[in-house]
Amino acid sequence: MAKGTILAVDAMGGDNAPDVTVEGAAAFLSARKEAFVRLHGDEAKLKPVMAKYSSVADRMEIVHTEDVITSDMKPSQALRRGRNSSMWNALEDVKEGRANAAVSAGNTGALMAISMLVLRKMDGVHRPAMTAAWPTLRGRTVVLDVGANLEADAAQLVTFAIMGEAYARAILGIERPTIGLLNIGSEEMKGHDEIREAHELLRGSELDLDYQGFVEGDDISSGKVDVIVTDGFTGNVALKAGEGVARMLGVRVREALTGSLFSKLGAVLAMGGLKNLRSQMDPSNVNGGVLLGLGGVSVKSHGGTDGRGFARACQLAADLATSHYRDEVATNLSKIRQKGIAAE
């Protein structure tokens, strides 16, 4: 068995599995020489794909199962019928200590439900939160929740802030991440009761968090703070709106640069800058959403990602699994329990 980081990969999850998942796992292994991957899926389908990556094949192991969680399966169905599926078995690897983290590009709702059942929640966490790394003018900002919880009370928002701060330190390498609460305005009287109550709790807490107060929607992409906290409904709408704007800008820029001979010449002259812009807007470079607050690491990759994007999700899982994230979260969660702040 490998001595380094071990990832359990749901090799059958995603729009283009297993080709993309194996390609991504191989790319991850090429970059992390100490790592090892357990590929959960149909051996007959995985072996031919693995043969393309002979240089890292000795650090990939197939764990055979023919069962798969389909994209149209409801979370309740996945819990009833998903045992022994590639997704479920990958999470069992983490629970049983055979792997340090699990990665799947499969059904999001099913992954959330099975992750909560198999890995359980950390003490003090009412519900896990899904994160997104948002490209900004300053680098990246962690946004949570982006879909795991449609609603969140004040205590849950405080919990999200604790988890997001530790996550940003582990993944972005920021020693003291700044935190903001997403609101419809920066004024103290704005927002619904839960937002205003969470604001007061964070401002008056003894959690040693660098809380900056309310932020607005346009502050996300500016990078005003390192962590933005919101409920899953608002966060998911913001995320999808941001992705749509990015795609629209990509199309408009391409149209503008290919509309005439002169614009094409200008595109050639600006090629270096355009490549940099494309890299910054490429979703593959920030692929991977983490379910924070679980008893183990579970990472969700975009279902339609390419091999490079899946490799990025694997790297994210490995980075979080080898960090002190959970210890830091547990310490602050114990503090808010002592202060009587508990999510309902």
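All figures in this text were calculated on a predicted structure; none of them were measured in a lab. (Residues numbered from 1 in each chain as written. Predicted model: local features only at pLDDT ≥ 70, side-chain atom pairs only at ≥ 80, totals over all residues. Heavy atoms only, no water.)

**What to know about the pairing of strand β11 (residues 297-300)**
Each regular strand carries side chains that alternate between the two faces of the sheet.
Consideration 1: Neither face of β11 is left uncovered, since the one carrying Val 297 and Val 299 and the one carrying Ser 298 and Lys 300 both have all their residues buried.
Consideration 2: Where strand β4 (residues 101-104) meets β11, 4 bridges bridge the pair, whose relative direction is parallel. Bridge pairing links Ala 101 to Val 297 in β11.
Consideration 3: Direction of pairing for strand β10 (residues 289-292) relative to β11: antiparallel, over a ladder of 2 bridges. When the sheet's bridge partners are listed, Val 290 is paired in β11 with Val 299.
Consideration 4: The antiparallel pairing of β10 with β11 creates a hairpin that spans 4 residues between the two strands, and Gly 293 there sits at a positive phi of about 105°. (Buried < 20%, exposed > 50% of the residue type's maximum accessible area, 1.4 Å probe, protein only. Helix = DSSP H or I, 4+ residues; strand = E, 2+ residues; numbered from the N terminus. Pairing = 2+ DSSP bridges.)

**So, a nonpolar patch on the surface**
Consideration 1: Where nonpolar side chains cluster on the molecular surface, the patch consists of Leu 150, Phe 233 and Val 237 and spans about 330 Å² of accessible area.
Consideration 2: Overall, Val 237 belongs to the partly exposed group, its relative accessible area being 46%. (Patch = residues over 30% accessible without salt bridge, like charges linked within 9 Å, V, L, I, M, F, W, Y side chains within 5 Å. Areas by Shrake-Rupley, 256 points an atom, 1.4 Å probe, with all protein chains shown as cover. Salt bridge = Lys/Arg side-chain N within 4 Å of Asp/Glu carboxyl O.)

**Observations regarding helix α2 (residues 43-50)**
Consideration 1: Listing the buried residues of α2 in full gives Leu 46, Val 49 and Met 50. Buried residues of α2, seen end-on, are gathered within an arc of 95° and therefore sit on one face of the element. For α2, the exposed residues lying more than 90 degrees away from the buried face are Ala 44 and Lys 47.
Consideration 2: In this structure, the buried side of α2 is in contact with α1 (19-31), β2 (36-41) and β3 (60-64). (Arc of directions from axis to C-beta. Contact = heavy atoms within 4.5 Å.)

**Regarding empty space enclosed by the protein**
Consideration 1: One pass over the full model with this rule turns up 3 cavities of 30 Å³ or more.
Consideration 2: A volume near 40 Å³ is recorded for the second largest cavity.
Consideration 3: Along the walls of the second largest cavity sit Val 290, Leu 291, Leu 292, Gly 293, Leu 294, Gly 296, Val 297, Leu 320, Tyr 325 and Arg 326, which together make up its complete lining.
Consideration 4: Counting residues per element, the ones that place at least two in the lining of the second largest cavity are β10 and α13 (325-338). (1 Å grid on protein atoms, 1.4 Å probe; cavity = no way out; pocket = protein on both sides within 12 Å on 5 of 7 lines; lining within 4 Å. Points joined across faces, edges and corners; volume = space filled by probe spheres on them.)

**Topic: the packing of helix α6 (residues 154-172) against helix α12 (residues 307-321)**
Consideration 1: The contact between α6 and α12 brings their axes to 9 Å, and the two run at 110°. Viewed along their axes, α6 and α12 adopt a mutual orientation that is roughly perpendicular. In the packing of α6 onto α12, the handedness of the crossing is right-handed. For the pair formed by α6 and α12, the contact residues are Tyr 167, Ala 170 and Ile 171 on the first element and Leu 316, Asp 319 and Leu 320 on the second.
Consideration 2: For the contact of α6 with α12, the per-class residue count stands at 5 nonpolar, no polar and 1 charged. (Axes fitted to C-alpha atoms, helices over the stretch in contact; angles between N-to-C directions. Parallel < 35°, antiparallel > 145°, perpendicular 65-115°, else oblique. Left-handed = near helix turned anticlockwise from the far one by under 90°. Nonpolar A, V, L, I, M, F, W, Y, C, P; charged D, E, K, R; others polar.)

**Comments concerning the nonpolar core**
Consideration 1: Ranked by size, the top nonpolar core spans 65 residues in total, and within it Leu 7, Val 37, Leu 39, Met 60, Tyr 167 and Val 229 carry the most contacts.
Consideration 2: The element best represented in this core is α6, accounting for 11 residues.
Consideration 3: Contacts of Tyr 167, omitting those with residues within four sequence positions, involve Thr 131, Val 142, Leu 172, Val 290, Leu 292, Leu 316, Leu 320 and Tyr 325.
Consideration 4: Core analysis: the next-biggest nonpolar cluster, separate from the first, contains 33 residues, Met 112, Val 118, Val 225 and Leu 239 among them. (Core = buried A, V, L, I, M, F, W, Y, C linked by side-chain atoms within 4.5 Å.)

**A look at the pairing of strand β1 (residues 6-10)**
Consideration 1: Counting buried residues along β1, 5 of its 5 residues qualify, which places the element largely inside the surrounding structure.
Consideration 2: Residue alternation in β1 divides its side chains into two sets, Ile 6, Ala 8 and Asp 10 and Leu 7 and Val 9, and both sets are buried.
Consideration 3: Direction of pairing for β1 relative to β2: parallel, over a ladder of 5 bridges. Counted as the bridge partner of Val 9 is Leu 39 from β2.
Consideration 4: In terms of handedness, the path from β1 via α1 over to β2 forms a crossover that is right-handed.
Consideration 5: Looking at chain direction, β1 and β4 are connected through 4 bridges and run parallel. Its bridge partner lying in β4, Val 9 is registered against Val 103. (Right-handed = clockwise from strand over helix to strand, strands pointing away.)

**What to know about helix α4 (residues 86-95)**
Consideration 1: Burial analysis of α4 places 9 of its 10 residues in the buried class, the great majority of the element.
Consideration 2: Of all the residues in α4, the buried ones are Ser 86, Met 87, Trp 88, Asn 89, Ala 90, Leu 91, Glu 92, Asp 93 and Val 94.
Consideration 3: Contacts from the buried residues of α4 go to β1, β2, α3 (75-81), β4, α5 (108-119) and β11.
Consideration 4: Two residues or fewer past α4, Gly 97 is found with a positive phi of approximately 80°.

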